[in-house]
4 protein chains.
Amino acid sequence: MSTPQAARTAKAAPTKTPDASRRSQRSRQAILDASMELVGEVGYNRLTIEAIASRAGVGKQTIYRWWSSKAAVLLDAFLSVVHDNGYDNGIPDTGDLEADLKAVLRATADEFTDAGFEAPYRALAVAGAADAELAQEFVERLQEPGLEVYIRRLRLAQEAGQIAEDLDLHLAVELLLSPFQQRWLTRSGPLTYEFTDRLVEMALRAFR
Amino acid sequence: MSTPQAARTAKAAPTKTPDASRRSQRSRQAILDASMELVGEVGYNRLTIEAIASRAGVGKQTIYRWWSSKAAVLLDAFLSVVHDNGYDNGIPDTGDLEADLKAVLRATADEFTDAGFEAPYRALAVAGAADAELAQEFVERLQEPGLEVYIRRLRLAQEAGQIAEDLDLHLAVELLLSPFQQRWLTRSGPLTYEFTDRLVEMALRAFR
Amino acid sequence: MSTPQAARTAKAAPTKTPDASRRSQRSRQAILDASMELVGEVGYNRLTIEAIASRAGVGKQTIYRWWSSKAAVLLDAFLSVVHDNGYDNGIPDTGDLEADLKAVLRATADEFTDAGFEAPYRALAVAGAADAELAQEFVERLQEPGLEVYIRRLRLAQEAGQIAEDLDLHLAVELLLSPFQQRWLTRSGPLTYEFTDRLVEMALRAFR
Amino acid sequence: MSTPQAARTAKAAPTKTPDASRRSQRSRQAILDASMELVGEVGYNRLTIEAIASRAGVGKQTIYRWWSSKAAVLLDAFLSVVHDNGYDNGIPDTGDLEADLKAVLRATADEFTDAGFEAPYRALAVAGAADAELAQEFVERLQEPGLEVYIRRLRLAQEAGQIAEDLDLHLAVELLLSPFQQRWLTRSGPLTYEFTDRLVEMALRAFR
DNA sequence: CAGTAAACGAGACGGTACGTCTAGTCTTCGG
DNA sequence: CCGAAGACTAGACGTACCGTCTCGTTTACTG
C-alpha cells in the first residue's frame, strides 16, 4: 500500500474505501471473538451488531467499516477459528475406502452435534440460504474446501481401481454428503452412526 | 368447531384462545394472499408483519391472534396455494423407473427455478433451518409428504424386483433428493437437466 | 370526531398525521416533566431525546410522533409549567407607574437568577436564535404574551395622562425590557436591583 | 502569539500545550477561511469540525490542538475578518447627535441584514448564549468594543451639554442598542429604518 | 329482533436495533 | 518531529418494526 501505484490508485478511487493497511488488528480479533461467543449464547437471530460492538469494546462504525453484514462478520469469525484449529488434515487413507469414509462421517456427525460448532455454522448456512451474495462466499470459502478433501480421497480410490474410473467425483461427493447436510439443516432426522454408516454403504454402491 | 365440546373447551380455557368459529375467512385469505405477494416482492428478510397487515387491509392483531410468527403465516400461505393447485398426483409409473424419476426431477428443477415458487419456499426453508420449532412443522407438512410420493414409487419398483428388496426406501429417497435440494438451497450449482439426469443414474446404481 | 365530516376529512387526508384524540396524556406529561428535569441537570446541549424518552419511560417514537425537535418539546414543557403556575396576573396598578415597574423588574430579575427557571428558558432562547422556525413559536407563545402585560399597564398609565399619549407602547416596552433580556442572555452584566431600578428610571424619561 | 512571553508560558506549562512558535500560519488561515465559508453555507448547527478540517485541507487534530470548540474557531475567524476590514472608525460627529445615531443605526441594520455577516455573527451570539465561558470572550472581544464607540460619541454630546451630565453612558448605550439586538436575535420584528429612527428618538428623550 | 360479546381495522404505545453521523482521541507515515 | 490523514471508541440521531394494548365498529349468535 506504500508503493507508488497503490498511492495513485488510492487517489484515483476517492470512494470511501478505508485504508486496510491502517486497520487495527486488535479490534478485528476482538470483533471476531465476540461474534463467536455471542452467536453461541443467543443464536443468530438475536445476535446484534450492537452487542458485538459492545462485547468487543469497539465502536459500531468499526464493524460497519469493514464488514457489510453480521453474516459477513460471522463468516470471517468462523473461518478464523477453523483455520486456527488446523482444519484440513484431509481424509485418512488406510486403503479401505468404506472404513475411512465411515470414520470421517462419524466424526463429522459428532462435530455437527457439538453446540459450539453448530450455532455459528447453522447461522451461516441460514444466512447463505437467505442471501445470494453471501451464499457465494459461504460456498466458496467454507463448503467447497470441505468437499475438496473428499474428492481427493475418492480420486485415490479411483486410481486404485476401487471405484468406477469414469465417476464424476464432485457429483459423487454431493451424493454422499448432501443427505447428511440436509438432515442436519432441516433437522428431519437424527445424525446417528447408524445413519452415517448406511449412507456410506449406499453411496459406495453408486460409485462402483 | 361450533359443537358443544368446542364451546365448553373455550370456556374451560379462559386463556386468550380466540374462538375459531368466529374467524373471518375474508381476513384469513387476504393475509395469506398478501404474504405470498410480499414475499415475492421483497423476500423473506424484508417481509414484515406490518406490511402484510397493511397490504391485507387488516389489523396487526388479527395476524398475531391466529399465527405465532411470520414464518407460520407463510407456511399456511404456501400450503394453501399448493393445495389449491391440486398438489401431488404422485409419480407416474411407466414401468421404467429411471425414465420416470428423470422426468419428475426435471419438472421439479423447473419448478424450483420459477420465482413465484422459489421465494416463499426458500423463505420457509430458511425459517425452518433457523427455528427448530418451525422446522418440525415445515418437515412434517411440506417435506415429508414430498418424500412420500417418491417412496411409493420406489416401493412399486421394489415389488417389481427392479431395485434391491432390502433397500431402506426412506434413506434411498434422501440419497436421491438431498443433492438436489442442497444445490438449490445453497446455490452451489445450477439445477440443469444434465445434473438431475446424472443424479438419477448415480442414485439408481446405489439402489440395485 | 365521530361526525361524518370528521370521518371524511380523515380519509381525505391520508398524511401520516397521528390521531390526537388517542394521544396518551400520561406519556405527554411524563415527557414534559422529564424534559424540564433533564434540562436543569445537564443543560440544553447535552439534553438528548434518548435521555428524555428513557427518563419518561416512553419510546422515542412517541416523542418524534408529537414533536418536531427537542426544542419544541422543551417549549411545550416550559409553557406547561408556566401555565400551571398561574402565569399572567398582570402588573399591579398602584397608580405609581415607576414603583410598579421597578417592583416587577426586581421580581423578574429574581426569577431569571433562579436556576430552575433559567436553564429551560435560556435553552429556548438559544434554540430560537439558532432556528428561525422555532423562533416564531418562541416569540409568539412566550415572548409576546410577556410583553403584552407590560403594554396593558402602560396603556393604563397613558390613559391616566402619566406618559405621552402618542407613545408607541410596543416599542416602549422593547426599550424597557430589551436591555434586561440582552444582559441576561449574553451575561454581559449582573441583573442587580440597582440595574433594574436605573433602567426603569431611564426608560420612563423616554415615555413622558 | 510568537512573542517571548508566549513562548515562555508554553514552556512553563509542560502540559500538552502546543508550541505556538511552530504553528503553521498557513493552516491557521485556511481553517479560519473555511469556517467563515461553511458557516455561511450551512449555518452554525450543521457546521462540523470535520467539514472545516476537510475544507481547509487540514487534519482534525490541528483544529483541536489550537481551539477548544467550533465556536472558538468561529470567533477567531470573525474577528480576523472584522480587523481586516478596518473595523470601527467610530461614529461620526456632525454636532447633531440624533442624526448621527440614526445614520449609524441605519447602517448597522443594513449590516445585520447582510447574509454574509449575519450567519457567523448569529452563530457566535447563539454559542455565547449557550456557553458561559465563550460568552465572556464574545462580550469582551466583540460586543464591548462595539458599545465603546457609542459611549465615546455620547461622551462628546455630554460634554457639549446635549444630554444629561449625570447620565450613565454604558446603561444609555444598552438602552439604545439592546432593542435592536434583541429584535435581530429573536427575529421578533423587522429591522426597518422606521424602527431604528423611532428607537433613536425615544432613547434620546431618555438621555436629556 | 334487540342485546351482547367477540373479532375486527386502526394505530398509539414501550421497546430494540438499525445504519449513519459527529465528536474528540489515537496512530501511522511522509516531508 | 510536525502535521495530514484517517481509523479508532463512544454515543445520539431519526427510522423501522416488534409485539401489546386500547379504541370504536362490525358481525353473528342468543335470549
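What you see is a predicted model, and the numbers here were worked out from it, not measured in a lab. (Residues numbered from 1 in each chain as written. Chains lettered and ligands numbered in written order. Predicted model: local features only at pLDDT ≥ 70, side-chain atom pairs only at ≥ 80, totals over all residues. Heavy atoms only, no water.)

**Focus: the overall build of chain A**
Within chain A, the secondary structure is distributed over ten helices and zero strands. Ordered by position from the N terminus, the helices and strands of chain A form the series α-α-α-α-α-α-α-α-α-α. Oriented by its inertia axes, the alpha-carbon framework of chain A measures out at about 60 × 45 × 30 Å. By sequence separation, contacts in chain A at least 24 residues apart represent 64% of the contacts at least 6 residues apart. For chain A, the accessible surface area stands at approximately 10700 Å², while carbon and sulfur atoms represent 50% of it. Between the mean site of the 24 positive side-chain charges and the mean site of the 30 negative ones, chain A shows a separation of 9 Å. (Helix = DSSP H or I, 4+ residues; strand = E, 2+ residues; numbered from the N terminus. Contact = heavy atoms within 4.5 Å. Areas by Shrake-Rupley, 256 points an atom, 1.4 Å probe, with all protein chains shown as cover. Lys, Arg positive; Asp, Glu negative; His and termini not counted. Charge placed at Lys NZ, Arg CZ, Asp CG, Glu CD.)

**Focus: the interface of chain A and chain B**
Across the boundary between the two partners, chain A contributes 35 residues, which contact 35 residues of chain B. Across the chain A/chain B interface, buried area totals approximately 3000 Å², and carbon plus sulfur atoms make up 63% of it. The interface formed by chain A and chain B includes two salt bridges. A:Arg183 is the salt-bridge partner of B:Glu174, the closest N and O atoms lying 2.9 Å from each other. Seen at the junction of chain A and chain B, the total is twelve residue pairs in polar contact (both at pLDDT 80 or more). Among the secondary structure elements, those contributing two or more residues to the side of chain A that touches chain B are helix H7 (115-130), helix H8 (132-159), helix H9 (169-186) and helix H10 (193-207) of chain A. Of the residues forming the side of chain A that touches chain B, the biggest block, eleven residues, is contributed by H9(A). (Buried area = accessible area lost by both parts, 1.4 Å probe. Salt bridge = Lys/Arg side-chain N within 4 Å of Asp/Glu carboxyl O. Polar contact = N/O pair within 3.5 Å; in protein donor to acceptor, adjacent residues only side chain to side chain.)

**Observations concerning the packing of helix H6 (residues 97-113) of chain D against helix H8 (residues 132-159) of chain D**
All names here are of chain D. Packing of H6 against H8 leaves a shortest axis separation of 11 Å and a crossing angle of 170°. One element, H6, and the other, H8, form an angle in the roughly antiparallel class. For the pair H6 and H8, the contacting residues are Leu97, Asp100, Leu101, Val104, Leu105 and Thr108 in the first and Tyr150, Arg153, Leu154 and Ala157 in the second. Class assignment for the residues of the contact of H6 with H8 results in seven nonpolar, one polar and two charged. (Axes fitted to C-alpha atoms, helices over the stretch in contact; angles between N-to-C directions. Parallel < 35°, antiparallel > 145°, perpendicular 65-115°, else oblique. Nonpolar A, V, L, I, M, F, W, Y, C, P; charged D, E, K, R; others polar.)

**A short note on the domain arrangement of chain A**
All names here are of chain A. On domain assignment, one finds that chain A holds domain 1 (19-70) and domain 2 (97-207). Each partner contributes to the interface: domain 1 provides four residues, whereas domain 2 provides four residues. Between domain 1 and domain 2 lies a buried interface of about 360 Å² when both sides are counted; carbon and sulfur atoms form 84% of it. By the criterion of area lost to domain 2, the three top residues of domain 1 are Met36, Val39 and Tyr44, representing 81% of everything that side buries. The interface formed by domain 1 and domain 2 holds zero residue pairs in polar contact (both at pLDDT 80 or more) in total. Grouping the constituent residues of the side of domain 1 that touches domain 2 by class yields three nonpolar, one polar and no charged. (Domains from an automatic or database assignment.)

**Examining the protein's contact with DNA strand F**
The environment of DNA strand F is formed by 35 residues, the closest being A:Thr62, B:Lys60, B:Gln61, C:Tyr64 and D:Thr62. Sugar and phosphate atoms form 63% of the subset of DNA strand F atoms that lie within 4 Å of the protein. Measuring from a phosphate oxygen of DNA strand F, one finds a backbone N or O atom of A:Gly59 at 3.3 Å. Contacts to DNA strand F include C:Lys60, whose side-chain N or O atom sits 2.7 Å from a base oxygen. If you list the elements that add at least two residues to the surface near DNA strand F, you get helix H4 (60-66) of chain A, helix H3 (49-56) and helix H4 (60-66) of chain B, helix H3 (49-56) and helix H4 (60-66) of chain C together with helix H4 (60-66) of chain D. Looking at the surface near DNA strand F, the element that brings in the most residues is H4(A), giving four residues. (Near = heavy atom within 4 Å.)

**What to know about the protein's contact with DNA strand E**
Around DNA strand E, 40 residues are found, and the nearest of them are A:Lys60, B:Asp19, B:Arg65, C:Ser27 and D:Lys60. Here DNA strand E approaches the protein such that, of its atoms within 4 Å, sugar and phosphate make up 64%. At a separation of 3.0 Å, a phosphate oxygen of DNA strand E approaches a polar backbone atom of A:Ile49. With respect to DNA strand E, the side chain of B:Trp66 contributes an N or O atom lying 2.8 Å from a phosphate oxygen. For the surface near DNA strand E, a count of residues per class yields ten nonpolar, 15 polar and 15 charged.

**Looking at the UniProt feature "DNA-binding region" (unreviewed entry) in chain A**
Here, UniProt's "DNA-binding region" (unreviewed entry) annotation points to residues 48-67 of chain A. End C-alpha atoms of residues 48-67 of chain A are separated by 14 Å, and the span's content is 75% helix alongside 0% strand. (UniProt positions renumbered as here; feature names shortened; annotations may be inferred.)

**Some details on the interface of chain D and chain C**
In this complex, chain D contributes 35 residues to the contact, which on the side of chain C involves 34 residues. Three residues stand out in chain D for area buried against chain C, namely D:Leu171, D:Gln182 and D:Met202, and they jointly supply 20% of the buried area on that side. For the interface between chain D and chain C, the tally reads two salt bridges. Among the secondary structure elements, those contributing two or more residues to the side of chain D that touches chain C are helix H7 (115-130), H8, helix H9 (169-186) and helix H10 (193-207) of chain D. Broken down by element, the side of chain D that touches chain C gets its largest block of residues, eleven residues, from H9(D). Classifying every residue of the side of chain D that touches chain C by side-chain character gives 18 nonpolar, eight polar and nine charged.

**Points about the relation of the copies chain D and chain C**
Between the two copies, chain D and chain C, the superposition gives an RMSD of 0.2 Å; the rotation angle is 180° and the shift along the axis is 0.0 Å. The superposition operator between the copies reduces to a two-fold rotation axis. Within chain D, D:Ala206 has its C-alpha nearest the rotation axis, a separation of 2.0 Å. Taken together, the interface assignments show that 97% of the residues at the interface of chain D recur at the interface of chain C, consistent with an identical surface on both copies. (Least-squares fit on C-alpha atoms with pLDDT ≥ 70 in both.)

**Some points on the nonpolar core**
Counting residues in hydrophobic clusters, the biggest one holds 142 residues, and the most contacted among them are C:Ile63, C:Tyr150, C:Phe207, D:Ile63, D:Tyr150 and D:Phe207. If near-sequence neighbours (up to four positions away) are discounted, D:Ile63 is found in contact with D:Ile31, D:Ile49, D:Ile52, D:Ala53, D:Val58 and D:Val73. In this structure, A:Met36, B:Ala77, B:Phe117 and B:Ile163 belong to the second largest nonpolar core, which totals 141 residues. (Core = buried A, V, L, I, M, F, W, Y, C linked by side-chain atoms within 4.5 Å. Buried < 20%, exposed > 50% of the residue type's maximum accessible area, 1.4 Å probe, protein only.)

**Remarks on the packing of aromatic side chains**
Counted by the stated rule, this structure contains 36 aromatic pairs over all chains. Through pairs of rings, three or more aromatic residues link up here, namely A:Phe78, A:Phe112, A:Phe117, A:Tyr121, A:Phe138, A:Phe180 and A:Trp184. The cationic tip of A:Arg122 hangs over the ring face of A:Trp184; the distance from NZ or CZ to the ring centre is 4.5 Å. Sitting above the plane of the B:Trp67 ring, B:Arg23 keeps its charged end 4.8 Å from the centroid. (Phe/Tyr/Trp six-rings, centres within 6.5 Å; stacked < 30°, edge-to-face > 60°. Lys NZ or Arg CZ within 6 Å of the ring centre and 35° of its normal.)

**Brief notes about the UniProt feature "domain: HTH tetR-type" (unreviewed entry) in chain A**
Following the UniProt record, the feature "domain: HTH tetR-type" (unreviewed entry) maps to residues 25-85 of chain A here. In residues 25-85 of chain A, helix accounts for 79% and strand for 0%; the two terminal C-alpha atoms are 19 Å from one another.

**With respect to the relation of the copies chain A and chain B**
It takes a turn of 179° to lay chain A on chain B, together with a shift of 0.0 Å along the axis; the resulting RMSD is 0.2 Å. When the interface residues of chain A are mapped onto chain B, 100% of them again lie at the interface, so the same face is used by both copies.

**Quick word on unusual backbone geometry**
Backbone geometry follows two general trends: most residues other than glycine have a negative phi, and most peptide bonds adopt the trans configuration. All names here are of chain B. Within the chain, Arg187 stands out as a residue other than glycine whose phi angle is a positive 55°. Position of Arg187 among the secondary structure elements: in the loop between helix H9 (169-186) and helix H10 (193-207). What makes Arg187 partly exposed here is its relative accessible area of 33%.

**Description of helix H2 (residues 25-42) of chain A**
For an α-helix the count is 3.6 residues per turn, leaving residues at separations of three or four pointing the same way. Residues and elements named next belong to chain A. Here H2 is 18 residues long and its end C-alpha atoms lie 26 Å apart, about the 26 Å a rise of 1.5 Å per residue gives. Residues of H2 that are buried: Ser27, Ile31, Leu32, Ala34, Ser35, Met36, Leu38 and Val39. Buried residues in H2 make contact with helix H3 (49-56), H4, helix H5 (70-84) and H7. Gly43 lies just past H2 and shows a positive phi near 85°. (Expected span 1.5 Å × (residues − 1).)

**A few points about the pattern of salt bridges**
The full count for this structure, using the stated rule, is 56 salt bridges over all chains. Residue B:Glu50 is joined to B:Lys60 by a salt bridge in which the shortest nitrogen-to-oxygen separation is 2.7 Å. Taken together, the residues span a long stretch of sequence, with B:Glu50 in helix H3 and B:Lys60 in helix H4 at a distance of ten residues. The exposure class of B:Lys60 is partly exposed, given its relative accessible area of 38%. Between B:Asp93 and B:Arg153 there is a salt bridge; the shortest N-O distance is 3.0 Å. With a gap of 60 residues between them, B:Asp93 in the loop between helix H5 (70-84) and helix H6 (97-113) and B:Arg153 in helix H8 (residues 132-159) connect regions that are remote in the sequence. Residues joined in a network through salt bridges with shared partners are A:Glu98, A:Lys102, A:Glu194, A:Arg198 and A:Glu201.

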